[in-house]
Amino acid sequence: MVSILLFLRFLRPRGAGWMYLESRTEQRVLVTQEQRAQREEQGSGPQETLGQSFWDSQAEFQGSHPRAFASLLACFQAPGEGTTMSGGDQEPGRYYVGVDVGTGSVRAALVDQRGVLLAFADQPINKWEPQFSHHEQSSEDIWAACCVVTKKVVQGIDVNQVRGLGFDATCSLVVLDKQFHPLPVNLEGDSRRNIIMWLDHRAVSQVHRINETQHSVLQYVGGVMSVEMQAPKLLWLKENLRETCWDKAGHFFDLPDFLSWKATGVTARSLCSLVCKWTYSAEKGWDDSFWKTIGLEDFVADNYSKIGNQVLPPGASLGNGLTPEAAKDLGLPAGVAVAASLIDAHAGGLGVIGADVRGHGLSCEGQPVTSRLAVICGTSSCHMGISRDPIFVPGVWGPYFSAMVPGFWLNEGGQSVTGKLIDHMVQGHAAFPELQAKAAARCQSVYAYLNSHLDLIKKAQPVGFLTVDLHVWPDFHGNRSPLADLTLKGMVTGLKLSQDLDDLAILYLATVQAIAFGTRLIIEAMEAAGHSVSTLFLCGGLSKNPLFVQMHADITGMPVILSQEVESVLVGAAILGACASGDFASVQEAMAKMSKVGKVVFPRLEDKRYYDKKYKVFLKLVEHQKEYAAIMKGD
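Everything numeric in this text was worked out from a predicted model, so none of it was measured. Each chain has its residues counted from 1, running along the sequence as written. It should be noted that, the model being predicted, local features are given only for residues of pLDDT at least 70 and side-chain atom pairs only at 80 or more, the latter also being counted only at that level, while totals for whole chains, interfaces and linings use all residues. Water and hydrogen atoms play no part in the side-chain values, which are based on all heavy atoms of the structure.

**Looking at the sheet that holds strand S11 (residues 195–196)**
Reading across the sheet, the four strands line up as S8-S11-S10-S12 and stay open at both edges, with antiparallel pairing between neighbours. Pairing within the sheet leaves two strands with one partner each, and these edge strands are strand S8 (136–137) and strand S12 (249–254). Any two residues whose heavy atoms approach within 4.5 Å at even a single point are treated as in contact. A fitted line through C-alpha atoms represents every axis, and for helices the fit uses only the stretch in contact; the resulting angles, taken between N-to-C directions, go from 0 to 180 degrees. Secondary structure elements follow DSSP: runs of H or I of four or more residues count as helices, runs of E of two or more count as strands, with numbering from the N terminus. Sheet contacts for helix H7 (residues 230–240): strand S10 (173–177), S11 and S12; angle to S10, the most-contacted strand, approximately 40°. At least two DSSP bridges between two strands are required for those strands to pair.

**Remarks on the confidence of the model for the protein chain**
When pLDDT is averaged along the protein chain, the result is 87; 86% of the residues meet or exceed 70. Each residue carries a pLDDT score, the predictor's confidence in it, ranging from 0 to 100. This stretch, residues 1–91, has a pLDDT under 50; its non-local contacts, to residues over four places away or in other chains, come to 200 contacts.

**Re helix H20 (residues 587–594)**
Considered for burial, the residues of H20 that qualify are Val587, Ala590, Met591 and Met594. The arc that holds the buried residues of H20, viewed along the axis, is 100°, so those residues lie on one side. Where H20 is buried, its residues touch strand S5 (95–101), strand S6 (105–112), helix H13 (344–352) and helix H19 (568–581). The buried label applies to any residue whose accessible area, calculated with a 1.4 Å probe on protein chains only, is under 20% of its type's maximum; exposed applies above 50%, and partly exposed to all values in between. Here the arc refers to the set of directions running from the helix axis out to each C-beta atom.

**Thoughts on the sheet that holds strand S19 (residues 397–401)**
The seven strands lie next to each other as S19-S20-S18-S17-S23-S24-S25, forming an open sheet whose pairing is mixed. The sheet terminates laterally at S19 and strand S25 (597–601), the two strands that pair on one side only. Within the sheet, the average angular offset between the axes of one strand and its neighbour, ignoring direction, is 25°. Taken together, the seven bridges between strand S18 (residues 381–387) and strand S20 (residues 409–415) define a ladder with antiparallel strand orientation. Pairing of Ser381 across the sheet is with Gln415, part of S20. Sheet contacts for H13: strand S17 (372–377), S18, S20, strand S23 (535–539) and strand S24 (560–563); angle to S17, the most-contacted strand, approximately 135°. Running at roughly 150° to S20, helix H17 (residues 501–529) makes contact with S17, S18, S20 and S23 of the sheet.

Below, the structure written as structure tokens:
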């Protein structure tokens, strides 16, 4: 079921603070600003929507605040009907829609010129895993979900005030035939399943062979290509589905580019997608020798028409905007400006990294934007650092020119599973059913309950010290950065016979810490190569979890900035639409005006010595794993 969250801010303050009206599906509830802040403090797990984090029942509020409920309900208006915003300023009359396609859902937001999120909706999407490491989706299913959520967020406004539309999505591979119909990417021949997802690891053999070539393009992906990139997946299709897919294919899209094509009919690709996942160079274009060397000379022969021979920077306006057919599907006027897209993590980076930090006592206030690292953390995590000049970091993707912020080089570190790993560890524990029941009884997410349970059992010590004897190496799906080794496995040391709720909570904590140690390892690799990072900017589902945020601050020793709008990826997508509309002169101007600091979390420096010792153990874990592998391979 679609869930929709609307924030409508009114002029009159109440005793408990400004009032918010929240709407979810067909119910509307009123929540005080203090209550809303409390919900944010509790945090939410990686599978939760924003609406779930802040949910209050209508009966609860109406019973305790009957007059406030009645008066504010009478004030309820849609944004296009002249609703005033907090602070007394009249709401701007220009809106932008951002659409974000994640691993498990499609989300949309209506955003104004100041980057304020006015409406939010999400819709789950289907995933298939026909065999281990094969992950597939449907482009038709995803487009239908995009239409549902977009229609929801523009309900009640004058849609002629929507100036621009921006898409972001996971870097999954969409396959269509010459008539733009779906083709199967599976042995079953099911053409509905025409997307190889970003986390699919079927092309292990192909990526090994590509890396053995040591081709010069590999220096722009950290020296080693990942199995999650498109070239090995394309080679797998050619070698395994020649008749049912490869020979019939007319178009191979990165998912963000598929969405912009579907909206506009324009097959131009985003520079972001092609540079980051397809080996395209912003300066030199395609490298014929690479594709010939790896056995995909087909693309060279047809002048790259199947994978993109027209390339535009993110935020550029595509064609004549929305086609009449797409406009009808989305509930928007034909001709609305549509932007060249971004990969989802890059949209998150765009939504946070340019925020004005003045007045927060941060060292990055007097430093260039290159001192900031955007960490987009959800199912997986991406670490986005930019530089004026190219910096080559072993094991870290890039440098990519203008792939996120125009005029800057981008390096992209990453962890293949983070939110997914936390789910795996928690849901697989014997005490998980007990956790579910107790969390439900308190109307909390399981992660909010675990956080509060950790506070109960920590006693007088800092909560992080509970893992003094428990250590996790988090590469349960291989290492993306900076070791670039997909053969690495997860490790846990310090297990006991206990399987109670305390044991589960401490394992959860150790897993969160391991992910933060992975971020520290990536930062050290980037700094050793020439980056200088002083501040982390977090966004994505895991950034709503206060334990996850605090552990990143403590373990890296850096302050963490959270955006005023927690849905920063959607703000990033809306920034693209704003740029395409022409309302801002540049992406940088839109970033500065639409990104705002919401909260700063500082590290507990008094705990530094403890985390330094745990980090030494963390590094020993992978060292030992490699030693064990060498022993087993020996004579």
